Each structure stands twice: as C-alpha cells, then as structure tokens.
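Topology and contacts: notes
Here is what each chain is made of, one letter per residue.
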Amino acid sequence: MKAESRLYRKILVPLEGTSHDARILDHVRELAKKHGSELILIHIADGWSARFFGEESDSKEVREDRAYLEKCAQKLKNEGIPSTWRLGYGQPGPELVKAVEATGCDLVAMTTHGHRWVEDVLFGSASSEVRHSVDVPVLLLRTEKKRSRPSK
C-alpha cells in the first residue's frame, strides 16, 4: 500500500494510565493493522512537578508515566504495529492540541467517560477541548456505560 493512499498514517492515542486504556488500544490496534498506521501514544503528566518543571521533571509520577508509555509502545511493536510515544506536561486539553499539531497526525483516538455537564464544567474535558480545537478527525470511545433509567 502506498503511503499517500493510507487513510490514517499517524494516529495520536492519548492514554491515561488507567484500565480505560485497554479499550482504546484494542480499538486503534485494529485500525492501525487495517490502514498500516503508526500509533503515537501520549500521556499528559499533570502532577505538580510536571506542571512546574515540565520536561525537567523527574518525579516518581513522571518516571512511571515514561515506563508505562514505553511498555505500551513496545507491546504494539511486538505485534508489528509501528509505535512511538511522547510525554506531555501540564493541562491535558491544551497539551493534546499542541501534540496534534506537533505530530502531524491524521486522527486522534481517545476515550471519554461520559461525564455529565456539571462535571465537565467543574473539572474540564480534554476530549471536548481536543475535538473543538483540532482540524483532524477525533474518534471518541466512551468507556463507561450510560446509566440505565429506572424501571417504571
């Protein structure tokens, strides 16, 4: 397959370091195989050290984040999927928007937790910020089931 004919050459995949990551990685793994895509895994370290020292930070959190990203990328490489990783520092939404521009990705594939409006206003929503700020498609995979309505 010619590189210029691939639909998704580079897919940016924000990871949280939680159990939600497995769902998005399962999904993008299949996309990458089908389209011959490179996966660019990213995590935004947002602890106090990461926010204040950025790339200079060497906190336990940042070291664990790096090790986690390396492990995830290596697992994908072992499956024959080209994968790289990067660690961002600070506020997740703005940092992810910067990463979209910096990586030249064709697609962002990320999880969303289905917060209600109040939680998004209070805590912010990285997925909302990304989808409203970038010019590439954003695939949102909801990782929590909708609450069922009570029976009448």
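The coordinates are above.
Below is a summary of the structure that appears in this document. (Residues numbered from 1 in each chain as written. Predicted model: local features only at pLDDT ≥ 70, side-chain atom pairs only at ≥ 80, totals over all residues. Heavy atoms only, no water.)

Focus on helix α3 (residues 60-78)
Definition in use: Where helices and strands are cited, they refer to DSSP runs of H or I of at least four residues and of E of at least two residues respectively, numbered from the N terminus. Here the expected length of a helix is defined as 1.5 Å per residue gap, with one fewer gap than residues. When accessible area is computed with a 1.4 Å probe and restricted to protein chains, residues below 20% of their type maximum are described as buried, those above 50% as exposed, and intermediate ones as partly exposed. Each direction from the helix axis to a C-beta atom contributes to the arc, which is the arc of those directions.
Counted at 1.5 Å a residue, the expected span for α3 with its 19 residues is 27 Å, and the 27 Å between its end C-alpha atoms agrees. Residues of α3 that are buried: Val62, Asp65, Leu69, Cys72, Ala73 and Leu76. On an axial view of α3, the arc spanned by its buried residues comes to 95°, and they lie on one face. When the buried face of α3 is taken as reference, the exposed residues oriented beyond 90 degrees from it are Lys60, Lys71, Lys75 and Asn78.

Describing a nonpolar patch on the surface
Applied cut-off: Here the term patch refers to residues with relative accessible area over 30% and no salt bridge, with like charges joined within 9 Å and nonpolar side chains (Val, Leu, Ile, Met, Phe, Trp, Tyr) within 5 Å. The accessible surface values rely on the Shrake-Rupley method and a 1.4 Å probe; as for residues, cover is taken only from the protein chains in view. A side-chain nitrogen of Lys or Arg and a carboxyl oxygen of Asp or Glu constitute a salt bridge if their distance falls within 4 Å.
Together, Trp48, Phe52 and Phe53 make up a nonpolar patch on the protein surface, roughly 450 Å² of accessible area in all. Among the structural elements, Trp48 can be located in helix α2 (residues 48-53).

Section: the pairing of strand β1 (residues 10-14)
Put simply, the rule reads: A pair of strands is labelled paired if DSSP reports no fewer than 2 bridges between them. Handedness of a crossover: with both strands directed away from the viewer, a clockwise path from the first strand across the helix to the second marks it as right-handed.
Across the five residues that make up β1, a large majority, four, are buried. With five bridges connecting them, β1 and strand β2 (residues 38-45) associate as parallel partners. By the bridge assignment for β2, Val13 is matched with Leu41. With helix α1 (residues 20-35) bridging β1 and its parallel neighbour β2, the resulting β-α-β unit is right-handed. As paired elements, β1 and strand β4 (residues 107-112) share two bridges and run parallel to each other.

Some words on the sheet that holds β4
Put simply, the rule is: Each axis is a line fitted through C-alpha atoms, taken for helices only over the stretch in contact, and angles between the N-to-C directions span 0 to 180 degrees. Should any heavy atoms of two residues lie within 4.5 Å, those residues are considered in contact.
Spatially, β3-β2-β1-β4-β5 is the arrangement adopted by the five strands of the open sheet, whose pairing is parallel. Either end of the sheet is taken by a strand with one partner, and the two such strands are β3 (83-89) and β5 (138-142). Geometrically, the sheet is characterised by an average inter-axis angle of 25° between neighbouring strands, direction not taken into account. Helix-sheet contacts for α1 involve β1, β2, β4 and β5, and the interaxial angle to β5 is about 135°.

Everything listed is a geometric property; what it means functionally is a separate question.
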